[in-house]
Amino acid sequence: MSGRPADSFNTKSGGFRAEIWAEIMELKQFHLKDLLKAVPADRKTISDYLLCLKNGGYLKYESDNKNYHLIKPYRFAPRLRKNGSEVTIGRGNEQMWRTMAMLKNFDADELAINASTNDCIIKLNSCKSYIASLFQAKYLCMITPAKAGHNRARYKLLKSKITGPKPPMIMRSKFVFDPNIGKVIWREGNGS
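What counts, and where the lines are drawn
- Counting of residues starts from 1 at the beginning of each chain's written sequence and follows it residue by residue.
- Residues qualify for local features only when their pLDDT is at least 70, as the model is predicted, and side-chain atom pairs are given and counted only at 80 or more; totals for whole chains, interfaces and linings, by contrast, use all residues.
- Hydrogen atoms and water are omitted, and side-chain values are computed over all heavy atoms in the structure.
- Any carboxyl oxygen of Asp or Glu within 4 Å of a side-chain nitrogen of Lys or Arg constitutes a salt bridge here.
- Starting at the N terminus, helices and strands are each numbered in turn, a helix being any DSSP run of H or I of at least four residues and a strand any DSSP run of E of at least two.
- Relative accessibility thresholds used throughout: buried, under 20% of the residue-type maximum; exposed, over 50%; partly exposed, between the two (1.4 Å probe, protein chains only).
- In short, DSSP must find at least two bridges between two strands for them to pair.

Caption draft 1: Focus on the pattern of salt bridges. The full count for this structure, using the stated rule, is 7 salt bridges. One salt bridge connects Lys44 with Asp48, and the closest N-O pair in it is separated by 2.7 Å. Of this pair, Lys44 and Asp48 both sit in helix H3 (residues 43-55), 4 residues apart, roughly one helical turn. Its relative accessible area of 53% is what places Lys44 among the exposed residues. A single salt-bridge network, built from bridges that share partners, covers Lys44, Asp48 and Lys82.

This is how it looks when you write it as structure tokens:
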């Protein structure tokens, strides 16, 4: 994340990479200058992402005419490192977000089990933390409080809070950012 304040992350598209990717998906074949005209990002930002996409097998580069060709379309902007490998940070939150939307209601144990895959195991403590943050931000309502012993609180994802496919992000500086609508939804100490 850049050094921008949290409230400046207010683009519905999810940032420059999402804007660059949307333009690539529309153009299919392009030159760097095409993206520089269409996306409000600097040359280095665009060039760095093009390198990630090329190394990840999403783009082919023709050195003779300096054109790029889209060879692997994908709905969302690929999250890649410079070497083209997939960024896996946040994958657990994506899985929990999708699973919450599918389950009628859940407790932390059920969510951790149902959201886990062979590639990404959700730890119970991560699940509890994500649930607590989304509850504070009013994405979840508590159906049944926790009881002494083994019972955990049960929650339900509020349908009115499903703003899109991207999971709300829990930031280190104690706020919840929704990338689907580009807004900070809850900040510790504000109660909002």
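Structure shown, so let's carry the discussion forward.
Caption draft 2: Here's a closer look at the pairing of strand E3 (residues 67-70). Here E3 shows two buried faces, one formed by Asn67 and His69 and the other by Tyr68 and Leu70. In this structure, strand E1 (residues 29-31) lies alongside E3, joined through 3 bridges in antiparallel fashion. Bridged to His31 within E3 is Asn67. Direction of pairing for strand E2 (residues 59-62) relative to E3: antiparallel, over a ladder of 4 bridges. Note that in E3 the partner of Tyr61 across the bridge is Tyr68. The antiparallel hairpin formed by E2 and E3 contains 4 residues in its connecting segment, where Lys66 sits at a positive phi of about 60 degrees.

Caption draft 3: Region of the structure containing unusual backbone geometry. With a phi angle near 70 degrees, Lys28 is a residue other than glycine that sits in the positive phi range. With respect to the helices, strands and loops of the structure, Lys28 is situated in the loop between helix H1 (16-27) and E1. At Lys66, a residue that is not glycine, the phi angle is positive and equals roughly 60 degrees. Position of Lys66 relative to the elements: it lies in the loop between E2 and E3. Exposure remark for Lys66: the relative accessible area of 49% places this residue in the partly exposed category.

Caption draft 4: View of the environment of Ile89. Turning to its location among the elements, Ile89 is positioned in the loop between E3 and helix H4 (91-102). Measuring from C-alpha to C-alpha, the distance between Ile89 and Arg79 comes to 9.5 Å, with 10 residues separating the pair along the chain.

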